[in-house]
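# Structural features, examined
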Amino acid sequence: MAVFINEQIRASEVDLTGLRGEKLGIVSTKEALAMARSAGADLVCTSLMSSPPPCSLMAKGKAKAAAQKESSAARKGDAGRAAGKGSKEKVKELRFTAHIEEHDYDTKLRQADKHLRSGKPVQLVVKASGAKEAAAAKTVIERLVADLKEAGVKDTGIQTGGKGSQVKLNPR
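Please read these numbers as outputs of a predicted model, since none were measured by experiment. (Residues numbered from 1 in each chain as written. Predicted model: local features only at pLDDT ≥ 70, side-chain atom pairs only at ≥ 80, totals over all residues. Heavy atoms only, no water.)

## Overview of the pattern of salt bridges
All told, the structure shown has seven salt bridges when counted by the stated rule. Across the salt bridge formed by glutamate 102 and arginine 143, the nearest N and O atoms sit 2.5 Å from each other. Of this pair, glutamate 102 sits in helix α3 (residues 102–117) while arginine 143 sits in helix α4 (residues 134–147), and the two are 41 residues apart along the sequence. Relative accessible area serves as the criterion here: at 43%, glutamate 102 is assigned to the partly exposed category. One salt bridge in this structure joins arginine 143 and aspartate 147, with 4.0 Å as the shortest N-O distance. Taken together, the residues arginine 143 and aspartate 147, both in helix α4 and four residues apart, mark about one turn of the helix. With relative accessibility at 37%, the residue arginine 143 sits in the partly exposed group. (Salt bridge = Lys/Arg side-chain N within 4 Å of Asp/Glu carboxyl O. Helix = DSSP H or I, 4+ residues; strand = E, 2+ residues; numbered from the N terminus. Buried < 20%, exposed > 50% of the residue type's maximum accessible area, 1.4 Å probe, protein only.)

## Quick notes on the packing of α3 against α4
At a minimum axis separation of 11 Å, α3 and α4 run at an interaxial angle of 45°. When the interaxial angle is binned, α3 and α4 end up oblique. Relative to α4, α3 is oriented so that their crossing is right-handed. Across the interface between the two elements, Glu102, Tyr105 and Leu109 of α3 pack against Arg143, Leu144 and Asp147 of α4. In terms of residue class, the contact of α3 with α4 is built from three nonpolar, no polar and three charged. (Axes fitted to C-alpha atoms, helices over the stretch in contact; angles between N-to-C directions. Parallel < 35°, antiparallel > 145°, perpendicular 65-115°, else oblique. Left-handed = near helix turned anticlockwise from the far one by under 90°. Contact = heavy atoms within 4.5 Å. Nonpolar A, V, L, I, M, F, W, Y, C, P; charged D, E, K, R; others polar.)

## Here we look at the sheet that holds strand β2 (residues 13–17)
With mixed pairing, the five strands of this open sheet are ordered in space as β1-β4-β5-β2-β3. Looking along the sheet, the strands with just one partner apiece sit at the ends: β1 (4–5) and β3 (23–28). Two strands pair when backbone bridges link them, and β2 and β3 are joined in this way by five bridges, in the antiparallel orientation. Across the sheet, residue leucine 16 finds its bridge partner in β3, namely glycine 25. (Pairing = 2+ DSSP bridges.)

## Things to note about the confidence of the model for the protein chain
Atom-level detail of predicted coordinates should not be read off regions where pLDDT is low. With 92% of its residues at a pLDDT of 70 or more, the protein chain has an overall mean of 84. Element-level pLDDT for the protein chain is lowest in helix α2 (residues 62–82), with a mean of 70, against a maximum mean of 93 in α3. (pLDDT = per-residue confidence, 0-100.)

## Concerning the packing of aromatic side chains
Scanning all chains against the criterion turns up zero aromatic pairs. In this structure, lysine 108 packs its charged tip against the face of phenylalanine 96, placed 5.7 Å from the ring centre. The ring of tyrosine 105 has arginine 143 sitting right over it, with the charged end atom 3.8 Å from the ring centre. (Phe/Tyr/Trp six-rings, centres within 6.5 Å; stacked < 30°, edge-to-face > 60°. Lys NZ or Arg CZ within 6 Å of the ring centre and 35° of its normal.)

## Comments concerning the pairing of strand β4 (residues 41–45)
Burial within β4 is extensive, with five of its five residues counted as buried. Summarising the sheet, β1 and β4 pair through two bridges and their orientation is antiparallel. Within β4, the position partnered with isoleucine 5 by the bridge is valine 44. Strand direction decides the pairing type here: β4 and strand β5 (residues 54–59), joined by five bridges, are antiparallel. Considered in β5, the bridge of cysteine 45 is made with cysteine 55.

## Here we look at the nonpolar core
Ranked by internal contacts, the top residues of the largest apolar core, which has 20 residues, are Leu124, Val126, Leu144 and Leu148. For this core, the secondary structure elements donating two or more residues are β6 (92–97), α3, β7 (122–127), α4 and β10 (164–171). Looking at this core, the element that brings in the most residues is α4, giving five residues. Setting aside anything within four residues of it in sequence, one finds leucine 124 in contact with Leu94, Phe96, Ala112, Ile141, Leu144, Leu148, Ser165, Gln166, Val167 and Leu169. Within the second largest apolar cluster, eleven residues are counted, among which are Val27, Leu33, Ala36 and Leu43. (Core = buried A, V, L, I, M, F, W, Y, C linked by side-chain atoms within 4.5 Å.)

Written out as structure tokens, the structure is:
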């Protein structure tokens, strides 16, 4: 987001907000710049989309620092999404074996359900000891997805590799 400071603001009038957040109304840009100089502050405009643009008086240097901080945060967020991370939330990973006992399956199912109902995504991973167990691993994943359909929805399709299967579920 672009931040315009002092003479960079080209509008003839601005909707001005004071140093303490008080509304000063619509004033000419020259008058707003004069007020900023007399207060030892900067005239800052964050949006040129409205007419007159909303501007505020900020302490010298604060606007530039805030803009740099915001742009670096936005860049970090874009880099994370570009790398396929999406958001910063932690994903709980639950690991299973292809031939899991019924009691263990129920325990892990309850854990996954609890995490999904609390609003956290879950990564379900079923490991297979060999290529022969890959079909069993996929069966376990499909059963988990079916059992958790009330609490979560698939974010990714079921990914099957040579040594197992995995799927990510997001909360409903």
